[in-house]
Amino acid sequence: MSLLRLRNLSVEFATTGGRFRAVDQVDLDVDKGDVLAIVGESGSGKSVSMLALMGLLPWTAKVTADEMIFDGHDLSKMSARARRKIVGKDLAMIFQEPMSSLNPCFTVGFQIREALRIHLGMDRKAAQARALELFDLVGIPDPEQRLKAFPHQMSGGMNQRVMIAMAISCNPKLLIADEPTTALDVTIQAQILDLLVRLRDETGMGLVLITHDMGVVAETAQRVSVHYAGQKVEEQPVRPLFRSPHHPYTSALLAALPERATDKRLPTIPGVVPGQFDRPQGCLFSPRCPYADDHCRKVPPAPRGPDLGLARCHYPLNTDERLAS
Amino acid sequence: MLRYVLSRFATFLPTFIGVTLISFAFIRVLPGDPIIVMAGERGMTQERYDELVVQFGFDRPILAQYWDYLTGVLQGDLGNSYVTKRPVWDEFFALFPATLELSICAMIFAVALGLPAGVIAAMNRGKFFDRTLMSTALVGYSMPIFWWALLLIIVFSGNLGWTPVSGRIDLLYYFDDVTGFMLIDSLISGQDGAFTSAVRHLILPTIVLGTIPLAVIARQTRSAMLEVLGEDYIRTARAKGLPPGRINGLHALRNALIPVITVIGLSVGTLLAGAILTETIFSWPGIGKWMVDSIFRRDYPVVQGGLLLIAVMVMVVNLTVDLLYGLINPKIRKR
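Calculation criteria
- Residues numbered from 1 in each chain as written.
- Chains lettered and ligands numbered in written order.
- Predicted model: local features only at pLDDT ≥ 70, side-chain atom pairs only at ≥ 80, totals over all residues.
- Heavy atoms only, no water.
- Contact = heavy atoms within 4.5 Å.
- Salt bridge = Lys/Arg side-chain N within 4 Å of Asp/Glu carboxyl O.
- Polar contact = N/O pair within 3.5 Å; in protein donor to acceptor, adjacent residues only side chain to side chain.
- UniProt positions renumbered as here; feature names shortened; annotations may be inferred.
- Helix = DSSP H or I, 4+ residues; strand = E, 2+ residues; numbered from the N terminus.
- Domains from an automatic or database assignment.
- Buried area = accessible area lost by both parts, 1.4 Å probe.
- Nonpolar A, V, L, I, M, F, W, Y, C, P; charged D, E, K, R; others polar.
- Buried < 20%, exposed > 50% of the residue type's maximum accessible area, 1.4 Å probe, protein only.
- Core = buried A, V, L, I, M, F, W, Y, C linked by side-chain atoms within 4.5 Å.
- 1 Å grid on protein atoms, 1.4 Å probe; cavity = no way out; pocket = protein on both sides within 12 Å on 5 of 7 lines; lining within 4 Å.
- Points joined across faces, edges and corners; volume = space filled by probe spheres on them.
- Patch = residues over 30% accessible without salt bridge, like charges linked within 9 Å, V, L, I, M, F, W, Y side chains within 5 Å.
- Areas by Shrake-Rupley, 256 points an atom, 1.4 Å probe, with all protein chains shown as cover.

Draft legend 1. Main features of the interface of chain A and chain B. Contact with chain A, which involves 27 residues of that partner, is made by 21 residues of chain B. Along the contact surface separating chain A from chain B lie 2 salt bridges. In this structure, the salt-bridge partner of B:Lys240 is A:Glu114, at a minimum N-O distance of 2.9 Å. On the surface where chain A and chain B come into contact, there are 12 residue pairs in polar contact (both at pLDDT 80 or more).

Laid out in structure tokens, this is it:
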């Protein structure tokens, strides 16, 4: 049994213009020690699906799932109180903006010790010792002094390390990193990603990496799940995905990588992700897809088999290559 | 931190000078002549009038008069009342405890009810409790103080007979001022029922004076909490699996307190101003009533001194608020 098993996860937001489906029938599995990358443009529902798992969405969101099983517990059937025993302990998350994700009124030490005291019932002394150890682990120099610092006294990269230290403080089984490097400098980005992968190696926790940076995916992930407009459109291990993407959207994303550009102009995907009021009737990607025909525009495609990367497409790409090999 | 405190103090001095200037000019702009008011209906001879003009220094240039006043103030001399001939300083501090006692009670009333009400309203945003509370607060804020006071007196003192109509304590009790605070003095006196009587006299004025600050604090707390609850660090706190009570009461409230403390500080000014109406209605022997009387008598030193002392109180409160910001949110200390 996998560590995390999501089946048919959907999230709908009640808006003034009616219901808006931000996540649409998503299935995901993560094992221990797995690094799963979820990629897609802004508005593809990557973060929302993970926030739904954590139970962090506002009350306007309605979360439904056939299964939302984490470590043997079905989170969707638990009370809020029981869920709080798991969230923050076995299931942890870090966010995009480290500067605003820490409370400005408390020292970072207080914020780390708080989690330890609530979940593990540590006393002040034990929590302090563990916090020092954690700061050491995430590579924060001079931990004793830094624990007394307030978030505004540290850099974005340091704050993200604090967030990571806080997230892994109770030895979580699964860590969700929601675009952890987007707000950071490029040099710091690499350090933070290295740190996450190293921690995965050392603790054996599962890691879900939400990103829109294909370069990050190539360097860190084992499996990639591509999301578009709330749906999972393709999932493959990282190498086959880069070599032979089956969904036209994946292919277009990869073509837009600067490293892969052959032309003077960088290829882009025309148009934007459909919003609440311009959802197409058939395949959601059809208005932007170079291969789409009338059939695509009318009939929504179902996911294909595992050999085609579960691609939600009527005309998957690179099918010959599979036959040839 | 020390630099922060000193920089706050530096803004204190210009404000202080400004207040002396305004209070000095304010009373002199009003029509009316203190000497004629003093003479009363009998009037006085021109000779006596001229003599008094010289005695009070009204014959000197206005700037020289201000200079005399300012140098006096800086040496701690606020002058003597034209009417009672007693030092303004003494009169003020004989009456001030009554106002302070009333204001403190009103403030405690407003904060003790307003803060939790705002937090609970924010947690139940858009629901019945929130709507009821916020409409009530709006009514409380819009209501004229004197009308609200009369209404309460009619119902609770007149119809129900639960509370006394006016004064600080029943005439049955007599004891010496020790602190000037009736609640404390009545306890010290040890007389049976004195303390209860003092409390019963305080109830209505406290409610009347505290109503507007209560409404303002409740609404400000709610909006500050709503803003803070949408912040990223609240999401982090929830992601840590903290119980809602800790998230709202510690992580959110601490950040929401900055704007709330600001309105509490500003309310102190409103309280002292509102005290004038409340004290008049309830015959509360505080500085509000004293100031009103002095304005009618054109008692220049009293009005000037009273205004200045009230202004200094408000300034001290706001300075304290500024220092509290730094204590609550360490980010502000740096600026």
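Draft legend 2. Quick peek at the UniProt feature "transmembrane region" (unreviewed entry) in chain B. UniProt annotation of "transmembrane region" (unreviewed entry) refers to residues 12-30, 92-121, 133-156, 198-218, 256-282 and 302-328 of chain B when read in the numbering used here. This span, residues 198-218 of chain B, is 100% helix and 0% strand, and a straight line between its end C-alpha atoms measures 28 Å.

Draft legend 3. Quick look at the domain arrangement of chain A. All names here are of chain A. Under the domain assignment, chain A is made up of domain 1 (31-60 + 79-227) and domain 2 (250-324). On a C-alpha basis, the centres of domain 1 and domain 2 stand 32 Å from each other. Of the residues lining the interface, 7 residues belong to domain 1; the matching set on domain 2 comes to 6 residues. Summing both sides of the interface, domain 1 and domain 2 together bury roughly 560 Å²; the carbon and sulfur share of this comes to 72%. Contact with domain 2 buries surface across domain 1, with Glu 41, Met 214 and Val 226 losing the most and accounting together for 77% of the total. In this structure, the connection of domain 1 to domain 2 is made through 1 salt bridge. Between Arg 288 and Glu 41 there is a salt bridge whose closest N-O contact spans 3.1 Å. Linking domain 1 with domain 2 are 1 residue pair in polar contact (both at pLDDT 80 or more), by the criterion used here. Taken together, the residues of the side of domain 1 that touches domain 2 break down into 3 nonpolar, 3 polar and 1 charged.

Draft legend 4. Looking closely at the side chain of B:Gln65. Residues and elements named next belong to chain B. Checked against the element boundaries, Gln 65 lands in helix α5 (residues 62-74). Its relative accessible area of 10% is what places Gln 65 among the buried residues. Ignoring anything within four residues of it in the chain, the contact list for Gln 65 reads Phe 24, Arg 28, Gly 57, Phe 58 and Arg 60.

Draft legend 5. Seen up close, the UniProt feature "domain: ABC transporter" (unreviewed entry) in chain A. Residues annotated in UniProt with the feature "domain: ABC transporter" (unreviewed entry) correspond here to residues 4-254 of chain A. Between the end C-alpha atoms of residues 4-254 of chain A the distance is 27 Å, and the span holds 40% helix and 27% strand.

Draft legend 6. Structural detail: the nonpolar core. The biggest cluster of nonpolar side chains holds 97 residues, and the ones touching the most others in it are A:Met50, A:Leu91 and A:Ile176. Of all the elements, helix α7 (residues 156-167) of chain A adds the most residues to this core, at 7 residues. Viewed by domain, this core spans two of them, domain 1 (31-60 + 79-227) and domain 2 (250-324) of chain A, each represented by three or more residues. With residues up to four places along the chain from it excluded, the contact list for A:Leu91 reads A:Leu53, A:Met54, A:Phe70, A:Leu75, A:Ile86, A:Pro172, A:Leu174 and A:Ile176. Among the nonpolar cores identified, the runner-up in size contains 23 residues, and B:Val19, B:Tyr69, B:Trp290 and B:Leu308 belong to it.

Draft legend 7. Looking closely at the layout of surface pockets. Estimates place the volume of the largest pocket at around 1200 Å³. Elements with a minimum of two residues in the lining of the largest pocket: α1 (46-54), β4 (61-64) and α2 (80-86) of chain A together with α6 (88-123), α10 (194-229), α11 (232-239) and α12 (244-281) of chain B. With 4 residues, the single largest contributor to the lining of the largest pocket is α11(B). Among the residues forming the lining of the largest pocket, the class breakdown is 19 nonpolar, 7 polar and 8 charged.

Draft legend 8. A look at a nonpolar patch on the surface. All names here are of chain B. Together, Phe 146, Trp 147, Leu 150, Leu 151 and Leu 277 line one region of the surface with nonpolar side chains, adding up to about 460 Å² of accessible area. A total of 4 residues in the nonpolar patch trace back to one element, the largest contributor, which is helix α8 (residues 145-159). Mapped onto the elements, Leu 150 comes out in helix α8.

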